[in-house]
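Observations on chain architecture
So the chains spell out like this:
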Amino acid sequence: MYKRQVLFITSHYTDKKDVYEGLKMYTISEDKVETLVEQGDMSIEQARNERGVRFAIIKAAGADDGKYKDSKFENYYAQCKAIGLPVGAYYYGNAKSVTEAEQEADHFLSVIAGKQFEYPIYYDVEGKMLNNSRGVLTDIVIAFCDRCEKAGYFVGVYTSDSHFQAHVDDDLSLIHI
């Protein structure tokens, strides 16, 4: 069975049962993603050495609480680079229109400017974004991803399969999940 450790990193994680800010680690297998550990200030090097993490996808910014840059993005990015851990990034979206999606993409691009990524950058589609109609949400996802791709990035969508199937048009074949 294919199994790899991956780190999705955020300091703005708001799950009620989580009392820490910091790292969310997942085990990715052929058919599912399982939360493995949530740690406050666990170092990236410690995650690699103790858990076998091979790459990290870091939360760079978001728009779920106004537009913001994640408070620990620079620190986590620097830790990954210092130990040679391949890295990608993601943006927690909140757009309600194509114009807002383009503004979110521009914000994301400004936050990650000058950074080198070995893995894709992602648009995190969940929460209030799912209140958009199927057509509008599809247009939002396309607008955000197109803007990032035109800036030279390989971009994907970070969401659950059920959210994607229920809220985005089936013919959306240009987006990498």
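Worth saying up front: this structure is predicted, and the values here are computed from it rather than measured.

Remarks on the pairing of strand β4 (residues 53–62)
A large share of β4 lies buried, amounting to 9 of its 10 residues. With 6 bridges connecting them, β4 and strand β6 (residues 87–92) associate as parallel partners. Bridge pairing links isoleucine 57 to glycine 88 in β6. Bridge count for β4 against strand β5 (residues 68–69) is 2 bridges, and the pairing is antiparallel. Across the sheet, alanine 61 pairs through a bridge with lysine 69, a residue of β5.

Points about the confidence of the model for the protein chain
Looking at the protein chain, the pLDDT average stands at 76 and 69% of residues meet or exceed 70. Looking across the protein chain, the model is least confident in strand β3 (residues 33–39), with a mean pLDDT of 42, and most confident in helix α3 (residues 98–112), with 98. The low-confidence segment residues 26–39 (pLDDT under 50) makes 44 contacts with residues lying over four places distant or belonging to another chain. Segment residues 173–177: pLDDT under 50, and 12 contacts once partners within four positions in sequence are set aside and those in other chains are kept.

Here's the deal with the side chain of threonine 138
Its place among the elements puts threonine 138 in helix α4 (residues 134–150). Overall, threonine 138 belongs to the buried group, its relative accessible area being 3%.

Cut-offs applied
Chains are numbered independently. Their residues run from 1 in the order of the written sequence. This being a predicted model, a pLDDT of at least 70 is required before a residue's local features are given, and a value of 80 or more before pairs of side-chain atoms are given or counted; all residues contribute to the totals for chains, interfaces and linings. Hydrogens are left out, water is left out, and the side-chain values use all remaining heavy atoms of the structure. Relative accessibility decides the category of a residue: with a 1.4 Å probe and only protein chains considered, values under 20% of the type maximum give buried, values over 50% give exposed, and everything between is partly exposed. Under the scheme used here, helices are H or I runs from DSSP no shorter than 4 residues and strands are E runs no shorter than 2 residues, and both carry numbers assigned from the N terminus. Note on pairing: two strands pair once DSSP finds at least 2 bridges between them. Confidence scores here are pLDDT values: one per residue, from the predictor, ranging 0 to 100. Note on contacts: a residue pair is in contact if any heavy atoms of the two residues lie within 4.5 Å.

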